[in-house]
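Summary of the model geometry
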Amino acid sequence: LDLSLQDLVPSATVVMPAEKPAKKQVRKKSGIVVIVNKSNSKTLSKTEISNIYRDRITRWPTGERILVLNLPLDTAVRQRFSSTVLNMSPLDAATEYSNGMITNRLQNDYRTRNARIVVSYVERHENAIGYVPAESLSDTDNVRVAYTIP
């Protein structure tokens, strides 16, 4: 005997459970990203970024002065950025910057901030560049990732 629910209870409506929508894959962001304003289309190599942060490149191709943002000296992100991109310790990079200030040779304006302030500043200034942990960026930030350090 082959009976269905409809045979046993003729007025019953059989409702199949709805399929759960597939969960959206969320890719965890990791590493450090060098960011520029979304309107800045300049592609940057690791060497160019190093030269910007070492005050060897001071202007964008448009002629605008580059506004450089650094994270505080004692942060792990700055230590990794300095060793990976600048090939020096954060202290050596800070010493190089101080020597440029003392001798009045420094062109790029360095500003030290926390990661969210760096993102906010780069969003509002077309000629700014900064680096932050990748996880500190959101989809709504008006910045472009110019380089990624895994």
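See the structure above.
Residues numbered from 1 in each chain as written. Predicted model: local features only at pLDDT ≥ 70, side-chain atom pairs only at ≥ 80, totals over all residues. Heavy atoms only, no water.

Core analysis: the largest hydrophobic core is formed by 35 residues, its most contacted members being Ile35, Tyr53, Phe81 and Ile129. Residue assignment for this core shows that the elements contributing at least two residues are β1 (32–37), α2 (46–53), β2 (67–70), α3 (76–86), α5 (115–124), β4 (128–133) and β5 (143–149). Apart from the residues lying within four places of it in its own chain, the contact partners of isoleucine 35 are Val118, Val119, Val122, Ala128, Ile129, Gly130, Val132, Leu137, Val143, Arg144, Val145 and Ala146. (Core = buried A, V, L, I, M, F, W, Y, C linked by side-chain atoms within 4.5 Å. Buried < 20%, exposed > 50% of the residue type's maximum accessible area, 1.4 Å probe, protein only. Helix = DSSP H or I, 4+ residues; strand = E, 2+ residues; numbered from the N terminus. Contact = heavy atoms within 4.5 Å.)

A positive phi is found at aspartate 55, a non-glycine position, where the angle reads about 65°. Position of aspartate 55 among the secondary structure elements: in the loop between α2 and β2. Take aspartate 55: its relative accessible area is 16%, and that puts it in the buried class. Of note in this structure, asparagine 87 is not a glycine but carries a positive phi near 55°. Within the element layout of this structure, asparagine 87 appears in the loop between α3 and α4 (90–102). A relative accessible area of 61% means that asparagine 87 is categorised as exposed.

With that settled, consider the packing of α2 against α3. The packing of two helices is summarised by the inter-axis angle and the distance between the axes. Contact geometry of α2 with α3 gives a least axis separation of 9 Å together with a crossing angle of 115°. Here Lys46, Ile49, Ser50 and Tyr53 of α2 lie close against α3, whose contacting residues are Phe81, Thr84, Val85 and Leu86. Class assignment of the residues belonging to the contact of α2 with α3 gives a composition of 5 nonpolar, 2 polar and 1 charged. (Axes fitted to C-alpha atoms, helices over the stretch in contact; angles between N-to-C directions. Nonpolar A, V, L, I, M, F, W, Y, C, P; charged D, E, K, R; others polar.)

Our next topic: the pattern of salt bridges. Tallied over the full model, the rule gives 2 salt bridges. Here glutamate 48 and lysine 42 are joined by a salt bridge, their closest N and O atoms 3.1 Å apart. Here arginine 116 ties to aspartate 141 by a salt bridge, and the two come within 3.0 Å at their closest N and O atoms. Taken together, the residues span a long stretch of sequence, with arginine 116 in helix α5 and aspartate 141 in the loop between β4 and β5 at a distance of 25 residues. Residue classification places arginine 116 among the partly exposed positions, given a relative accessible area of 41%. Aspartate 141 sits in the buried class, given a relative accessible area of 7%. (Salt bridge = Lys/Arg side-chain N within 4 Å of Asp/Glu carboxyl O.)

Take it as geometry only, folks, not as evidence of what the structure does.
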